[in-house]
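# Structural overview
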Amino acid sequence: MSSTAGIVVAFVAMALFAWIGGSIFPISGNASLRETDQIRAAFEMAGVGPKLVIIVSAALGALVGGVLAKWLSGSRGPVWAVALFMAAYGFANAFFLAMPPVMLLGAVVGPLLAGMIAERVVPTRALAEEDEDLAEEQPLEAHRDEPL
């Protein structure tokens, strides 16, 4: 459940970052980019800025979604589910837009690095906390007279 919430939030955050970045680095003056060929042609002519916006927004989305997933679950697995999903999305998007190989690599590495950061920012819920709860329920003195 936390992975799903993280992925949804990652896409919303990515769209927000892409919208902000797209207003700073617009792709083209033509707003009617509705067909695949038009989109690819616009990106081939675009500078580095619009291409970086797509890659960075995927990484920032993975960071936000990964932090939420770890906060909700307390474990590392959902963070990596979000990061891997966003890396796959970034790869597909960069591949579809025919970006240079370096940017294609960045579309994969960015979300994975964001996953590493998200994993380290939010602390993992330690099993020691659960053990302390069990120790409070059954103190050691109650079992002192039992044979080994």
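Report follows, based on the coordinates.

Moving on to the side chain of Lys51. Along the chain, Lys51 turns up in helix 3 (residues 48–73). In this view, Lys51 contacts Phe43, Glu44, Ala46, Met99, Pro100 and Met103; residues no more than four positions away in its chain are not counted.

Moving on to the packing of aromatic side chains. Counting across every chain of the model gives three aromatic pairs. On the basis of an interplanar angle of 80 degrees and a centroid distance of 5.9 Å, the ring pair of Phe11 and Phe85 is categorised as edge-to-face. Residue Phe11 is found in helix 1 (residues 2–24), and its partner Phe85 is found in helix 4 (residues 77–96); the two are separated by 74 residues along the sequence. When its relative accessible area of 42% is taken as the criterion, Phe85 is described as partly exposed.

Tracing the sequence through the fold places Glu119 in helix 5 (residues 101–121). Beyond its immediate stretch of four places on either side in the chain, Glu119 contacts Lys70, Arg76, Val79 and Trp80.

Take the packing of helix 3 against helix 4 next. Packed helices, taken two at a time, are described by the angle their axes make and the gap between the axes. Closest axis-to-axis distance for the helix 3/helix 4 pair is 8 Å, and the angle between their directions is 165 degrees. The orientation of helix 3 with respect to helix 4, classified from their angle, is roughly antiparallel. Seen from above, helix 3 lies across helix 4 with right-handed handedness. Counting all contacts with helix 3, which are made through Ile54, Ala58, Ala62, Gly65, Gly66, Ala69, Lys70 and Ser73, the residues of helix 4 involved are Pro78, Val79, Val82, Met86 and Asn93. Tallied by class, residues from the contact of helix 3 with helix 4 come to eight nonpolar, four polar and one charged.

Quick notes on the rules
Residue indices begin from 1 for each chain and proceed along its sequence in written order. Only residues with pLDDT of at least 70 get local features here, since the model is predicted, and only at 80 or more are side-chain atom pairs given and counted; chain-wide, interface and lining totals rely on the full set of residues. Side-chain numbers come from the whole structure's heavy atoms, not from hydrogens or water. Helical segments are the DSSP runs of H or I of at least four residues, strand segments are the runs of E of at least two, and each set is numbered from the N terminus. By definition in these notes, contact holds between two residues if any of their heavy atoms fall within 4.5 Å. Two aromatic rings, drawn from Phe, Tyr or Trp (for Trp, its six-membered ring), form a pair once their centres lie within 6.5 Å of each other, and the interplanar angle then sorts them: stacked below 30 degrees, edge-to-face above 60, tilted otherwise. Relative accessible area decides the class of each residue, using a 1.4 Å probe on protein chains only: under 20% of the type maximum gives buried, over 50% gives exposed, and in between gives partly exposed. Axis lines are fitted through C-alpha atoms, for helices just across the contact stretch, and the angle between N-to-C directions can take any value from 0 to 180 degrees. Small angles under 35 degrees read as roughly parallel and large ones over 145 as roughly antiparallel, with 65 to 115 read as roughly perpendicular and the rest as oblique. By definition, any crossing whose near helix is turned counterclockwise from its far helix by less than a right angle is left-handed, and any crossing with a clockwise turn is right-handed. Residues are grouped as follows: Ala, Val, Leu, Ile, Met, Phe, Trp, Tyr, Cys and Pro are nonpolar; Asp, Glu, Lys and Arg are charged; all remaining types, including Gly, are polar.

Read these as layout, nothing more, since geometry by itself doesn't imply function.
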